[in-house]
Number of protein chains: 2
Amino acid sequence: MTKTTIGLLLFPNMTQLDLTGPLQVFSRLPNAKVYLVAKTMAPVTSDTALMLPPTTDFAHCPQLDVICVPGGAGADDLVNDEDTLAFLRQQADQARYLTSVCTGALVLGAAGLLRGYRATTHWSALEDLAAFGAIPERSRVCIDRNRVSGGGMTAGIDFALTLAELLADRPTAQAIQLMLEYNPAPPFNAGSPDTAPQEVVAMLKQRMQGARQHRIDAVKRAADRLLRG
Amino acid sequence: MTKTTIGLLLFPNMTQLDLTGPLQVFSRLPNAKVYLVAKTMAPVTSDTALMLPPTTDFAHCPQLDVICVPGGAGADDLVNDEDTLAFLRQQADQARYLTSVCTGALVLGAAGLLRGYRATTHWSALEDLAAFGAIPERSRVCIDRNRVSGGGMTAGIDFALTLAELLADRPTAQAIQLMLEYNPAPPFNAGSPDTAPQEVVAMLKQRMQGARQHRIDAVKRAADRLLRG
């Protein structure tokens, strides 16, 4: 029986939990082979002290059944990286699922792979999806045909369990959830701008203002190029 | 102002999410410095395709304010690793918090650091804690004086947010939760042996039987040594 090939994209300054949450789930799937794919074999930086060594590069990556693009600050640069966009487009032709976590959706969008598809992303980037012809949907996990996207960071776990059911079956996905003891009990009710104390939301938005402007500029450039392309 | 030093232990065949969940939270703490500490500087294997490069080794690690021991299959070997137990004991003298995620609690226990303390761990290992004189507590996050432990794998996120409040303050921890969009929505209600379908629990326990016996033997050896020591 042929193994399902799952490739998670690695790139500089990515949010490591966008990768490592889904990676934990996918790695427990029976009959699947997981690749960590980067432009080159050099370990990439994350937004933490953890460096992330790829297991393959664009040139050697086999055809993937599932492509997953994580997010993070580095994704704002990736939306204008032609090599990465070309790799995603080339893989997309024969992939079964094109997926993203967090602002990885912007990268799929910049590759032209979300035109006319509903998709979700980190709450701070939801409106940016429309620039790529995607239909932003505010949800934890969004499935539209073979596009599956998760919201911000920790949503990658919900996303991956949802995809695990699609790739295998419900008992398999449930067994993974049980193994991961994914029975969440957040100590605060602050995981969404709707529920967090409004002064916390304001403080965080204030702190993110520089990054927000950087993203707006990057998305505009990427969307212009996509329109011309 | 002196930075809070937080050290997460790296070791072969660890469960990477036990590390990467808390790492994501701790990395957003203001005025903290995070170390990934291993016996040597060689990247360690995880239970996934991801190799984990340390940032420091036992010999060069500064005194830590917070020690965090993740778990995984490799933790069952670590309970009998004298170098690791000695490192933990030496750090423990002046650390503010001794913490664990998942079966990392067994390692703290084997180092003699949980005698008379309540602690939690992965549901499959809870009864093993008693061999080290700990008082097993079935909870998502367990705080007893300066010992803070989290349950299995994904509990590391709840654990780390709880610790973030202790190290900083509630608005800081809430802002991290919001940034991580930690507003969980598991697609199934299968995250605990109490709620998962009983045939899924039975299937997983059956599959874990070999590892279970390995852990029982390892814990017995470690507990005997601790008693003699």
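Residues numbered from 1 in each chain as written. Chains lettered and ligands numbered in written order. Predicted model: local features only at pLDDT ≥ 70, side-chain atom pairs only at ≥ 80, totals over all residues. Heavy atoms only, no water.

Let's talk about the UniProt feature "domain: DJ-1/PfpI" (unreviewed entry) in chain A
The criterion, for reference: UniProt positions are given in the numbering used here, feature names are shortened, and annotations may be inferred rather than shown by experiment. Working definition: helices are DSSP H or I runs of at least four residues, strands are E runs of at least two. Numbering for both runs from the N terminus.
Feature annotation in UniProt assigns "domain: DJ-1/PfpI" (unreviewed entry) to the following positions: residues 6-165 of chain A. The span residues 6-165 of chain A carries 28% helix and 21% strand; its end-to-end C-alpha distance comes to 14 Å.

A short note on the packing of aromatic side chains
All names here are of chain A. In plain terms, the rule: Centres within 6.5 Å make a pair out of two Phe, Tyr or Trp rings, where for Trp the six-membered ring is used; the pair is then stacked when the planes are under 30 degrees apart, edge-to-face when over 60, and tilted otherwise. Only protein chains enter the accessibility calculation, which uses a 1.4 Å probe; a residue whose area is less than 20% of its type maximum is buried, one above 50% is exposed, and one in between is partly exposed. By definition here, charges over rings are those cases where NZ of Lys or CZ of Arg is within 6 Å of the ring centre and within 35 degrees of the ring normal.
Under the criterion given, the structure shown has four aromatic pairs over all chains. With a centroid separation of 6.2 Å and 75° between ring planes, the pair formed by Phe26 and Phe159 is classed as edge-to-face. Placement of the pair is Phe26 in helix 1 (residues 16-26) and Phe159 in helix 5 (residues 155-167), with a sequence separation of 133 residues. Each member of the pair, Phe26 as well as Phe159, is classed as buried. The ring of Tyr35 has Lys33 lying over it, and the distance from NZ or CZ to the ring centre is 5.5 Å.

Observations concerning the state of the cysteines
All names here are of chain B. To keep things clear, this is the line we draw: Pairs of cysteine sulfur atoms within 2.5 Å are what we label disulfides.
For the coordinates displayed, the defined rule picks out zero disulfides over all chains. Unpaired in this structure, Cys68 has its nearest cysteine sulfur neighbour in Cys102, at a distance of 11 Å. Judged by relative accessible area, which is 0%, Cys68 ranks as buried.

Comments concerning the packing of helix 1 (residues 16-26) of chain B against helix 5 (residues 155-167) of chain B
All names here are of chain B. For clarity, the cut-off: Working convention: axes come from line fits to C-alpha atoms, limited for helices to the stretch in contact. Angles between N-to-C directions cover 0 to 180 degrees. Any angle between 65 and 115 degrees counts as roughly perpendicular, while under 35 counts as roughly parallel, over 145 as roughly antiparallel, and the rest as oblique. Should the near helix be turned counterclockwise from the far one by less than a right angle, the crossing is left-handed, whereas a clockwise turn marks it as right-handed. What makes two residues a contact is simply this: any of their non-hydrogen atoms within 4.5 Å. Lys, Arg, Asp and Glu make up the charged group, whereas Ala, Val, Leu, Ile, Met, Phe, Trp, Tyr, Cys and Pro make up the nonpolar group; the residues left over, Gly among them, are polar.
The geometry of helix 1 relative to helix 5 is characterised by a closest axis approach of 8 Å and an angle of 30° between their N-to-C directions. With respect to helix 5, the element helix 1 is oriented roughly parallel. Crossing of helix 1 against helix 5: the hand is right-handed. On helix 5, the residues that touch Gly21, Pro22, Val25 and Phe26 of helix 1 are Gly156, Ile157, Phe159, Ala160, Leu161, Leu163 and Ala164. Its residues assigned to classes, the contact of helix 1 with helix 5 shows nine nonpolar, two polar and no charged.

Description of the confidence of the model for chain A
If pLDDT is low for a region, its predicted coordinates should not be looked at in detail. To keep things clear, this is the line we draw: Per-residue confidence from the predictor is reported as pLDDT, which spans 0 to 100.
Across chain A, pLDDT averages 97, with 100% of residues at or above 70. Interface confidence for the predicted complex, given as ipTM, is 0.97, next to a pTM of 0.98.

Focus: helix 6 (residues 170-179) of chain A
Within an α-helix, residues lying three or four positions from one another point in the same direction, as the helix has 3.6 residues per turn. Among the 10 residues of helix 6 of chain A, eight are classified as buried, and the element is accordingly described as predominantly covered. Within the sequence span of helix 6 of chain A, burial applies to Thr172, Ala173, Gln174, Ala175, Ile176, Gln177, Leu178 and Met179 of chain A. Buried residues in helix 6 of chain A make contact with helix 1 and helix 5 of chain A together with helix 7 (198-207) of chain B. Glu181 of chain A sits one or two residues past helix 6 of chain A and shows a positive phi near 45°.

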